[in-house]
Amino acid sequence: MSLRIVVCVKYVPDATGDRHFTDDLTVDRDDVDGLLSELDEYAVEQALQIAEECQRAGADAEITVLTVGPEDAKDALRKALSMGADKAVHVEDDDLHGTDVMGTSLVLAKAIEKTGYDLVIAGMASTDGTMGVLPALLSERLGVAQVTLLSEVSVEGGTVKGRRDGDTASEQLEASLPAVVSVTDQSGEARYPSFKGIMAAKKKPVESLDLDDLDIEAEEVGLEGAWSKVDEAAERPARTAGTIVKDEAEGGKQLAAFLAGQKFI
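Here is what the cut-offs are and how they apply
Think of each chain on its own: its residues are numbered from 1, step by step along the sequence as written. Local features in this predicted model are restricted to residues whose pLDDT is 70 or higher, and side-chain atom pairs enter the listing and the counts only when it is 80 or higher, whereas totals over whole chains, interfaces and linings include all residues. Note that water and hydrogens are dropped before the side-chain values are worked out from all heavy atoms of the structure. Counting from the N terminus, the helices are the DSSP runs of H or I reaching at least four residues and the strands are the DSSP runs of E reaching at least two. Working rule for contacts: check all heavy atoms of both residues, and any pair within 4.5 Å makes them a contact. Pairing between two strands is assigned when DSSP locates at least 2 bridges connecting them. The axes are straight lines fitted to the C-alpha atoms, using for helices just the contacting stretch, and the angles between their N-to-C directions are given from 0 to 180°. Note that patches include only residues with greater than 30% relative accessible area and no salt bridge, and the join distances are 9 Å for like charges and 5 Å for nonpolar side chains (Val, Leu, Ile, Met, Phe, Trp, Tyr). Computed by Shrake-Rupley with a 1.4 Å probe, the accessible areas treat only the displayed protein chains as cover when residues are assessed. The rule for a salt bridge is simple: a side-chain nitrogen of Lys or Arg has to be within 4 Å of a carboxyl oxygen of Asp or Glu. Buried, partly exposed and exposed residues are distinguished by accessible area as a fraction of the type maximum, computed with a 1.4 Å probe on protein chains only: under 20%, between the cut-offs, and over 50%, respectively. Crossing chirality is assigned from the near helix's rotation relative to the far helix, an anticlockwise turn below a right angle marking it left-handed and a clockwise turn marking it right-handed. For this scheme, ten residues count as nonpolar: Ala, Val, Leu, Ile, Met, Phe, Trp, Tyr, Cys and Pro. Four count as charged, namely Asp, Glu, Lys and Arg, and the remainder, Gly too, count as polar.

### Overview of the environment of Leu-35
Its place among the elements puts Leu-35 in strand S3 (residues 34–36). Through-space distance from the C-alpha of Leu-35 to that of Leu-77 is 9.7 Å; in sequence the pair is 42 residues apart. Here Leu-35 is in contact with Lys-10, Tyr-11, Val-12, Pro-13 and Asp-14, once residues within four sequence places are set aside.

Below you can see the structure in the form of structure tokens.
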């Protein structure tokens with residue numbers, strides 16, 4: 001039987017871009033370029049390594065990448081497919097606008113159940129929201145174990161095993177499949193898509209789903225169903241010119257005085 005791996009990925013605004021809010025205080029995604037969240041690339045990489053290990057052992061594995069987002073979110077899926085994933089699922093619906101992490105976890109869980117899975121892999125957090133709670137929410141909604149923040153992960157038989165590195169110690173963890181795991185940016189450098197992989201990705205299947213396909217009511221998601229909302233936002237003040245200290249035999253004293261004035265020393 002094939003090991004079914006689902007990798008949750010997110011299409012996020014480019015952090016180097018000039019980001020703004022819309023009138024309803026959600027991120028204006030039309031005003032900035034987007035890309036596959038860098039932390040999710042590590043999740044794709046670990047899924048690929050697990051699948052490759054299964055194949056070396058004479059078993060089969062299939063990787064599905066899953067995202068929730070607007071039309072442009074397909075770019076994130078194509079990046080994951082070009083890395084080596086087998087197929088993709090894209091959940092898109094106008095009523096998803098403004099959905100928070102609680103609604104997103106509901107949509108992802110329903111899509112994962114519809115797709116079928118043995119192992120769900122996610123990054124440690126998204127690079128836009130950086131909440132890091134989605135894997136735990138998924139495990140609760142799916143009713144399966146969670147093994148999170150792993151810097152090393154493997155699957156042996158019907159068990160997923162991994163190492164979680166903390167500030168003072170490392171833990172060896174394991175859980176019976178099906179399970180949800182998340183991996184950190186210490187789990188291994190993500191591979192670059194090859195030209196062959198990029199061309200192959202264009203032919204790989206991308207299934208499109210909406211809320212009706214997942215039996216989710218519009219009121220459960222979007223701004224109306226959000227558990228949290230932004231009441232007010234202001235643009236970050238423009239940067240001011242820094243203080244320049246010319247070293248004319250008194251530079252050290254001036255620097256010390258500046259640091260002391262800012263209470264850094």
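### Considerations on the sheet that holds strand S11 (residues 179–183)
Read across the sheet, seven strands follow the order S7-S11-S6-S1-S4-S5-S12 without closing on themselves; strand pairing throughout is parallel. Of all strands in the sheet, those bounded by a partner on one side alone are strand S7 (145–150) and strand S12 (206–209). Averaged over all pairs of adjacent strands, the angle between their axes in this sheet comes to 20°, without regard to strand direction. Both strand S4 (residues 61–68) and strand S5 (residues 87–91) contribute to a ladder of five bridges, which runs parallel. Of the residues in S5, the one forming a bridge with Thr-67 is His-90. Docked against the sheet, helix H3 (residues 101–115) engages strand S1 (3–8), S4, S5, strand S6 (119–123) and S12, running at close to 150° with respect to S4.

### Regarding a nonpolar patch on the surface
A surface patch of nonpolar side chains, about 310 Å² in accessible area, is lined by Phe-195, Ile-198 and Met-199. Relative to the helices and strands, Met-199 is located in helix H5 (residues 195–201). Overall, the relative accessible area of 36% leaves Met-199 in the partly exposed class.

### Overview of the sheet that holds strand S10 (residues 170–176)
With antiparallel pairing, the three strands of this open sheet are ordered in space as S8-S9-S10. Sheet topology places strand S8 (152–156) and S10 at the edges, where each strand pairs with a single neighbour. On average, adjacent strands in this sheet sit at an angle of 20° to one another, irrespective of strand direction. Inspection of the sheet shows S8 paired to strand S9 (residues 159–165) by five bridges, in the antiparallel sense. Residue Val-155 lies in a different strand from S9, and its bridge partner there is Val-160.

### Regarding the packing of helix H1 (residues 38–56) against helix H2 (residues 74–83)
Between H1 and H2, the least distance of the axes is 10 Å, while the angle of their chain directions is 30°. The two elements H1 and H2 meet at a crossing, and its hand is right-handed. Note on element contacts: H2 touches H1 through Lys-79, Ala-80 and Met-83, opposite Glu-41, Val-44, Glu-45 and Leu-48. Class assignment of the residues belonging to the contact of H1 with H2 gives a composition of four nonpolar, no polar and three charged.

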